[in-house]
Amino acid sequence: MIFKVEGHKFRSGLLACALALTASATFLPVEPVHAQTRTLPDFTDLVDQVGPSVVNIRTVEKVAQRGGNGEMDEEMQEFFRRFFGQPLPGQPRQGPRQNRPQQPQEEERPRGVGSGFILTPDGYVMTNAHVVEDASEVLVTLPDKREFKAKIVGADKRTDVAVVKIEATGLPAVKVGDISRLRVGEWVMAIGSPFGLENTVTAGIVSAKQRDTGEYLPFIQTDVAINPGNSGGPLINMRGEVVGINSQIYSRSGGFMGISFSIPIDEAIRVSDQLRTSGRVSRGRIGVQIDQVTKDVAEAIGLGKPQGALVRGVEAGSPGEKAGVEPGDVITKFDGKAIEKPSDLPRLVGNTKPGTKSTLTVFRRGASRDLSVTIAEIEPDKPSKRASDRDEPAQKPPASAAAKSLGLAVSDLTDAQKKELKVKGGVKVDAASDAAARAGLREGDIIMAVGNVDVSNAREFESALAKSDKSKPLSVLFRRGDWAQYALIRQTR
């Protein structure tokens, strides 16, 4: 077979087809391969820029010495006195041994090695709290090999941030970065002393932001190699700015496994400012216990999407109680800032100065309302009180058909029970089976609301059940001890 393309004849076959297509094709300029390929970052300039600001931190701990050479020497001296009538060679003669209390002896032992970075030219150094914890002496070594004894200015265990001070001036301080500009996927670098190997540089990318692993900190997750000894060292972006403090790793072996966490530098600076001013960190509290809002609960109570912090309990006499916060409320905003997840609330409240008047937006019984609250200073948790099991018996009316269909039997609360529980109403669960038991209810629980309707007694409880939509799960707000939570009961038609 003969092919004719633009005046040329070709015999059949692959070669002829290829030549024909070549003859009729329009050629476009091809971009060189090297222009299409992104080059890997070069960290050498960053090391030169930030390296002089990173320090090695060694700590010493005083340990009580039991026994020791002093005690052995005294025993040997007694032996020589008894059997040879003379003291140990080189020792002065003494009288008979007397029973006298042994003086405790202490010896200094190396405790650990960590990292840190120079925060100010006049000698303030930032590191992790766990690096200097229980240390009797802190030694800071600069990259130029100068060594200083450091004074611990303050340490905050909740955020794992500490500040120490060395007597030096004209030091190369780091540049502090803007954490809001940090993006997932961008390159970052760490400098520290893993396993005591000073000035070690590792690099990787930001794997995630706002990672919840602690009460007050939204950690930066990276794949930068971090090992014991890196703690307290800086996490550095490509602009040479510190964006975090290397603090934790996820590991099953004790070594790096590809996941490490850093404290965001804005949180660390906020803490360090307080430590430098007063030596301690003051945090706000409102005295509520919170939990997550699930998707099913959000839909059942009319919240729409799962957001906010579900109030499970309110401490007696706390700012939350004085403001009118109730168990079962969902706190959706704090001073106008949205609460997307429960951990957002303690961070926002904790960073608020005690004594400040703030606004809580709560979702209650299908509607939002604002409450004014005065922030108190955080204090140790108080032990929770449990409801008494010796309440006077209440008259138990026969369960209605609606209650039976849910597997519930309830009764009115006595005045004594209301006073002890600090509630105005509700009904006590006397028995829970079938659908109610599957939803998590059990005997002794106090039902406070049914389907966004408060119930004060068994009669109101029955009325709310009768009006509920049997085609949808029924949301029930209940208390168990001091804690409130929601249960979704799947109703049978």
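Values in this document were obtained by computation on a predicted structure and should not be read as measured data.

### Some points on the overall build of the chain
At step 1: Tallying secondary structure elements over the chain gives 13 helices and 29 strands in all.
At step 2: Looking at the chain as a whole, 42% of its 493 residues are labelled buried.
At step 3: As presented, the chain carries roughly 27,400 Å² of accessible surface, and 50% of it is formed by carbon and sulfur atoms.

### Concerning empty space enclosed by the protein
At step 1: Tallied over the entire structure, the rule returns 2 cavities of 30 Å³ or more.
At step 2: Quantified by volume, the largest cavity comes out at close to 80 Å³.
At step 3: Around the largest cavity, the lining is made up of 12 residues, and of these Thr159, Glu267, Val271, Arg283 and Asn351 lie nearest the centre.
At step 4: At 4 residues, helix α6 (residues 265-278) tops the list of elements feeding residues into the lining of the largest cavity.

### Structural notes on the pattern of salt bridges
At step 1: Following the criterion strictly, the structure yields 16 salt bridges and no others.
At step 2: For Lys145, the salt bridge goes to Glu198, with nearest N and O atoms at 3.6 Å. With Lys145 in the loop between β6 (137-141) and β7 (147-156) and Glu198 in the loop between β10 (187-192) and β11 (200-212), the pair connects residues that are 53 residues apart, well separated along the chain.
At step 3: Relative accessible area serves as the criterion here: at 58%, Lys145 is assigned to the exposed category.
At step 4: In this structure Glu198 comes out as partly exposed when scored by relative accessible area, which is 33%.
At step 5: A network of salt bridges, in which partner residues are shared, links Glu326, Asp329 and Arg364.

### Some points on the packing of aromatic side chains
At step 1: Per the counting criterion, the structure on display carries 2 aromatic pairs.
At step 2: Their ring planes at 65° and their centres at 6.0 Å tell us that Phe43 and Trp187 sit as a pair that is edge-to-face. Of this pair, Phe43 sits in the loop between α2 (33-36) and α3 (44-50) while Trp187 is found in strand β10, placing the two residues 144 residues apart along the sequence.
At step 3: Here Phe43 falls in the buried class, since its relative accessible area comes to 16%.
At step 4: On the accessibility criterion, Trp187 (33% relative accessible area) is partly exposed.

### Notes on unusual backbone geometry
At step 1: At Asp134, a residue that is not glycine, the phi angle is positive and equals roughly 60°.
At step 2: Relative to the helices and strands, Asp134 is located in the loop between α5 (129-132) and β6.
At step 3: Judged by relative accessible area, Asp134 falls into the exposed class, the value being 57%.

### Focus: the nonpolar core
At step 1: Leu408, Ile447, Val450, Phe461 and Ile489 are the most contacted members of the largest nonpolar core, which has 21 residues in total.
At step 2: Tallying contributions element by element places helix α13 (residues 458-467) first for this core, with 4 residues.

### Regarding the confidence of the model for the chain
At step 1: Counting all residues, the mean pLDDT for the chain is 80, and 75% of those residues have values of 70 or more.
At step 2: Throughout residues 14-25 the model reports pLDDT below 50, and contacts reaching past four residues in sequence, or to other chains, amount to 9 contacts.
At step 3: Scored below 50 in pLDDT, residues 380-395 shows 20 contacts in the model against residues more than four places distant or in partner chains.

### Some words on the side chain of Thr361
At step 1: One can find Thr361 in strand β21 (residues 357-364).
At step 2: Taking relative accessible area as the criterion, Thr361 reaches 13% and is therefore assigned buried.
At step 3: Side-chain polar atoms of Thr361 contact the side chain of Asp370, separated by 2.8 Å.
At step 4: Residues in contact with Thr361, not counting those within four places in the same chain, are Val330, Ile331, Thr332, Lys333, Ser368, Arg369 and Asp370.

### Comments concerning α6
At step 1: The terminal C-alpha atoms of α6, which comprises 14 residues, lie 20 Å apart, in line with the 20 Å expected from a rise of 1.5 Å per residue.
At step 2: Residues Ile265, Glu267, Ala268, Val271, Ser272 and Leu275 constitute the buried set of α6. Within α6, the buried residues cover an arc of 150° as seen down the axis, which keeps them to one side.
At step 3: Gly279 lies just past α6 and shows a positive phi near 80°.

### So, the pairing of strand β8 (residues 161-165)
At step 1: Across the 5 residues that make up β8, a large majority, 5, are buried.
At step 2: Residues Val161, Val163 and Lys165 point to one face of β8 and Ala162 and Val164 to the other, with burial holding for every one of them.
At step 3: Note that strand β5 (residues 124-127) and β8 share 4 bridges and pair antiparallel. Bridge pairing in β8 links Thr127 to Ala162.
At step 4: Both β7 and β8 contribute to a ladder of 5 bridges, which runs antiparallel.

Definitions and cut-offs
For every chain, the first residue of the written sequence is number 1, and numbering continues from 1 onward in sequence order. A pLDDT threshold of at least 70 governs which residues receive local features in this predicted model, and a stricter bar of 80 or more applies before side-chain atom pairs are shown or counted, although totals over entire chains, interfaces and linings include all residues. With hydrogens and water set aside, each side-chain value is computed from the structure's full complement of heavy atoms. Numbering of helices and strands runs from the N terminus, with a helix taken as a DSSP run of H or I at least four residues long and a strand as a DSSP run of E at least two residues long. Partly exposed describes any residue whose relative accessible area lies between the buried limit of under 20% and the exposed limit of over 50%, with all areas from a 1.4 Å probe on protein chains only and scaled to the type maximum. Accessible surface is estimated by sampling points in the Shrake-Rupley manner with a 1.4 Å probe; for residues, cover comes only from the protein chains shown. Whether a set of points on the 1 Å grid over the protein atoms alone is a cavity depends on a 1.4 Å probe fitting there but being unable to get out, while an open set qualifies as a pocket with protein on both sides within 12 Å along at least five of seven lines; lining residues are those with an atom within 4 Å of a point. Grid points are joined across faces, edges and corners, and a volume is the space filled by probe spheres set on the points. Within this document, salt bridges are pairs made up of a side-chain nitrogen of Lys or Arg and a carboxyl oxygen of Asp or Glu, the two lying within 4 Å of each other. Only the six-membered ring of Trp is used, alongside the rings of Phe and Tyr, when aromatic pairs are assigned; centres must lie within 6.5 Å, and planes under 30 degrees apart are stacked while those over 60 apart are edge-to-face, with the rest tilted. Think of a nonpolar core as a cluster: buried Ala, Val, Leu, Ile, Met, Phe, Trp, Tyr and Cys residues, connected wherever their side-chain atoms sit within 4.5 Å. Values of pLDDT, which run from 0 to 100, indicate the predictor's confidence residue by residue. The contact criterion used throughout is that any non-hydrogen atoms of two residues lie within 4.5 Å. Two N or O atoms count as a polar contact when they lie within 3.5 Å, although within protein this holds only if one can serve as hydrogen donor and the other as acceptor, and sequence-adjacent residues are included solely when both atoms are side-chain atoms. Any helix carries an expected span of 1.5 Å times its number of residues minus one. Along the arc lie the directions from the helix axis toward the C-beta atoms. Only strands joined by at least two bridges in the DSSP assignment are considered to pair.

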